[in-house]
Structures are given as structure tokens and as C-alpha cells.
Amino acid sequence: MVCSAKYGVKRPIWSLGIAGALLAGTAALYAAPGGKPAATSPQEKEATRESGGGTATTLNDQTDLSLTVYNSNIALVRDVRNLTVPSGLFRLKLMDIAATVNPATVHFRSLNEPDKLSVLEQNYEYDLLEPAKLLHKYVGKEVTLTRSYLENGSTKREDMKATLLADNNGPVWKIGNDIVTGGYAESYRFPEVPANLFDRPTLLMSLENSGSRKQQIEASYLAGNLSWNSDYVLTVGRDDKAADLDGWVTLVNNSGTAFHNARLQLVAGDLNRIQAPAAAAMAGDRVMAKAVRAEPFAQENFSEYHLYTLGRKTSVEDKETKQISLLQGSGIPVEKRFVVNGQNFYYHNQYSPGSPLKDNVMVFYKFKNDEKSGLGMPMPAGNVRVYQKDSKGNILFVGEDRIDHTPKDEMLNIHIGTAFDVISERKQTDYKRVDTHTWEMEFEITLRNHKDTAITVEVNEPIGGDWEMLNSSYKYSKTAAWAAQFEVPVAANGTSVLKYRIRAHW
């Protein structure tokens, strides 16, 4: 840094970095002389920056807001505002929109005189006001620099005019006849914000008005980084006979703007989307989820999707995760299922020939989404977390699964894990060639139940070729061309052995 002696040798109290100086300088923009806040509204401040008598509209003009969020990370925003606009050609700044707006999807119209107010051109401005950009816009212009120093034990401040010659990897100043570099000042003061720098995402629109000055306008657009998903909590009773189900909507807003007092709708379904080139991810931390249990969603069919409308208005802050109650059901009949699925790629144990192979015994809870069970609302895809009380009444987590979009009157099977106390072992006990294209095979599946209660295990066996069941120790059903299903009861602390023999033709 070069400094002329005419500025005096003064001992600074501290030395701020460029970022700190810029932040302090930016803050000074919004203060009137004497340190008092400027007594102007945001709309008035924007109007002073507009050249040629432009008009700015902010949330102060908003009269209605609708937010329709899809489960594919997009949302449709419908923003209604009351404006006073001039006649003829004029420019409108549509402010306080989502930072993730897709400009190609903007639809702007007048609600009271749609044929009198027309859009000639629109630009989406995302060059947002921040300290570094503000400084860069003042290259070649004069800025006021402020420094603090100690003199005779007291703090003093010094203002000086400087011209910003360059801002490449740091500012270069011309102060008097000297060239100065580095963080020379603690703060910078700028006379105004450049017209092409905005403190929030803005749509600049060229309009033509041949109607009245009072216009109610609607702007609708698609915005990204708004998403929702469903989460369910299934609390099963100790006897595994009934359960309570709570459904929640988890709404995440990383769109860069807040939506206050909005009508909220959610669309569940799989939309066909055109894949756009990858863009930079929007930054932002989520705050803790805020749970709201109040008036439920009303559901209706919409095209090939399902539409859920919240029965009240709500607010969603930027970078917020909000949870809203979707559905509730009590005393839902459930069935606990133990399932063994055989695999068609093994018939013997290659590591220990002659010893049986072990299969996992999977555990499911099964229930029906119908009015008789206390449900009956189409359930959007989501995660189901299952809880159950222990012997002391404490609720414990026992597993989770994910469901697809489930219409009403359909069955749900929630896989919670693998049974600890139920063992399944299998082996092939016979393999016989009858003729050139015919074989006979026999299998033995041993089920051991170490629980204190009796259970029934569903065994699903894959069978290849044109087959017929010659004999089986338990009744079977042909569930598909290449599958048979057995229901095998196993007593408490008991063992059951399933044996079956098939003849197959290839």
C-alpha cells in the first residue's frame, strides 16, 4: 500500500478485510445522514432508482398468493397484485419473486382488463446486490472512504474522496495524486445503487397500457427448489392386530423467497419433465422442520394425478422445512406376515455339499387403504416408519419401508426387517431324469419357530418349466406360471417341515 505523508501518520484502531469493509459500506447505503434510518418504503427506494418513470411492485401490493407444489422439485406460483400504472408504454419491476424462477414459464396478465394491458418484453435480472458486485460497479467513479484512528487517546474518523481505478483481485484507488491499493478503509460509502444491480430477484417488463390506471395483475411462473414428500408413522399395538397411522407432508423451500399467507396445493403423481442442462445447485441450509397439525388436506382427482388442497392459508419461509398433517387413521386392522422367498439360482450348497441353505424370513405388516379400515384417501409415495410399544409401554422404532403412490382400496405391505427367532433352511432331496425333456425334483424346507407364539410362514417357491405338483406336505396355490405358494403353520417353539415334489418338462 502506498500512502502520502500528507495524510499523516496515524495508528489505526483495527484493520478490516475487504469483505468487512464492503459489508459496512453497503449498510451505509440504507442510512440517512446522522445515522438515522431513511424514512422511505422499499417501493419508494426502488422508484428512485428507476429511470424514465418506471414502476416497481413489491409484496406490499400483493392481494392473493397460491402455491402449487409438485413432488418433482418444482412449484407453480400464482401471484396477484393491485397496481397503479401509467398509460402508454412503461417499465415495470416485478419484485419479490422466487430466485429460482424459470423466466420462460412466466405468464403475466391483467385480471380486470386483459385486452388493455400487454407485455412487449421481459428480462429476468439476477445480478443481485452484494458488497463485491457493488464495488465493481463503481470502477471509474468516486467513492467516499472512511477510516478510524487514535489521536491523543481519542478515536477519530476520517472521510476522504477516492476514485476506484480498478477492482481486479482487490481495489486500486486514486487518492489525490497517489495510487493506493489494499484494504485502505474500514468502510466505503456509495452515493447510490446502480440501476442494473438489484437487491432481490426481479422481472423487468416492458408493458403497454391502453386501459385504466388501476390494474389487478396476475403473474404465474414455475420455480425450482420447492419440493414435498410424504412421511408416515405406523404405530402397531402389542398384539399385532391393529395400528394407528399418521401421514405428514414435508414441504421444503429453497427457492430464495418466502411465501406468506399462501393457498397451498400439492400434486402427487409422476410428471413427464424435459431434462434441462445441469445447473449449479442452490445453496442454503434447512432449518429444523416445523410440524403443523391443523385443518387437513382435501383430496380430489386431477388429470392423471391427485391434488391435495390445504383447507387454510399458510406461510413457508425461505430455507424452511415445514410439516403439515395429511391424514390420520386409528384402529386400522393389520396382519403380521412372515415370508420366505426362494431363489431360482440355487439348488445345492456349493460350499458345504449336503448341508441346507438358509433363507431370510422377512417380516411385513399388511393393511388395506379403505374407508372400512379408517383410511380411504389416496396416499402419495413416501417413507413409512413403524413403531411398537414394548412391555413397559415405551414406543420403539421397529423398521421402515417406502411405498409407491397408493390409490384407495389397495393393499399395503410394509417390510420392517428380518425375523430374529424364525429360521428357514432348505435343501434339494432328489433330482431324477425321467426322459429327454422331463425331470422330477423334490425339496425340503424346515421352519423353526423360537417364539412363544404360533405363527404362519408364507413360502414362495420359484419353479421352472412346464411343471406339475406331484405331492406336497402342505396345501399350495399356483400364484404364477413359474411360482407356487405355501402357507405353513409353525407352533410356538416348534418346527414344521415343508416337502414337495414336482415334475417339470423343458
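The shown structure was predicted, so the numbers you read here are calculated from the model rather than taken from an experiment.

Caption draft 1: Representation of the confidence of the model for the protein within the structure. Across the protein, the average pLDDT comes to 80, with 78% of residues at 70 or higher. Below a pLDDT of 50 lies the segment residues 1–53, which in the model reaches 86 contacts outside its immediate sequence neighbourhood of four places, other chains included.

Caption draft 2: Structural detail: the pattern of salt bridges. The full count for this structure, using the stated rule, is 20 salt bridges. With a shortest N-O distance of 2.5 Å, Glu461 and Arg426 are connected by a salt bridge. With Glu461 in strand 30 (residues 455–462) and Arg426 in strand 28 (residues 422–435), the pair connects residues that are 35 residues apart, well separated along the chain. Judged by relative accessible area, Glu461 falls into the buried class, the value being 2%. In this structure, Glu442 and Arg501 form a salt bridge, with 3.1 Å as the shortest nitrogen-oxygen distance.

Caption draft 3: Representation of the pairing of strand 24 (residues 362–368) in the model. With five of seven residues buried, strand 24 is to be regarded as a mostly interior element. Where strand 22 (residues 335–341) meets strand 24, five bridges bridge the pair, whose relative direction is antiparallel. Looking across to strand 24, one finds that Phe338 is bridged to Val363. Two strands pair when backbone bridges link them, and strand 24 and strand 27 (residues 411–418) are joined in this way by seven bridges, in the antiparallel orientation. Looking at strand 27, one finds that Val363 is bridged to Gly417.

Caption draft 4: Quick look at the sheet that holds strand 34 (residues 495–505). Sheet architecture is open: five strands sit in the order 23-28-29-34-31, paired in antiparallel fashion. Looking at strand neighbours, the two that pair on one side only are strand 23 (357–359) and strand 31 (466–472), the edges of this open sheet. The average angle at which neighbouring strand axes cross in this sheet is 30°, direction not considered. For strand 31 and strand 34, the ladder comprises six bridges, and the chain directions are antiparallel. By the bridge assignment for strand 34, Glu468 is matched with Arg503.

Quick notes on the rules
- Residues numbered from 1 in each chain as written.
- Predicted model: local features only at pLDDT ≥ 70, side-chain atom pairs only at ≥ 80, totals over all residues.
- Heavy atoms only, no water.
- pLDDT = per-residue confidence, 0-100.
- Contact = heavy atoms within 4.5 Å.
- Salt bridge = Lys/Arg side-chain N within 4 Å of Asp/Glu carboxyl O.
- Helix = DSSP H or I, 4+ residues; strand = E, 2+ residues; numbered from the N terminus.
- Buried < 20%, exposed > 50% of the residue type's maximum accessible area, 1.4 Å probe, protein only.
- Pairing = 2+ DSSP bridges.
- Axes fitted to C-alpha atoms, helices over the stretch in contact; angles between N-to-C directions.

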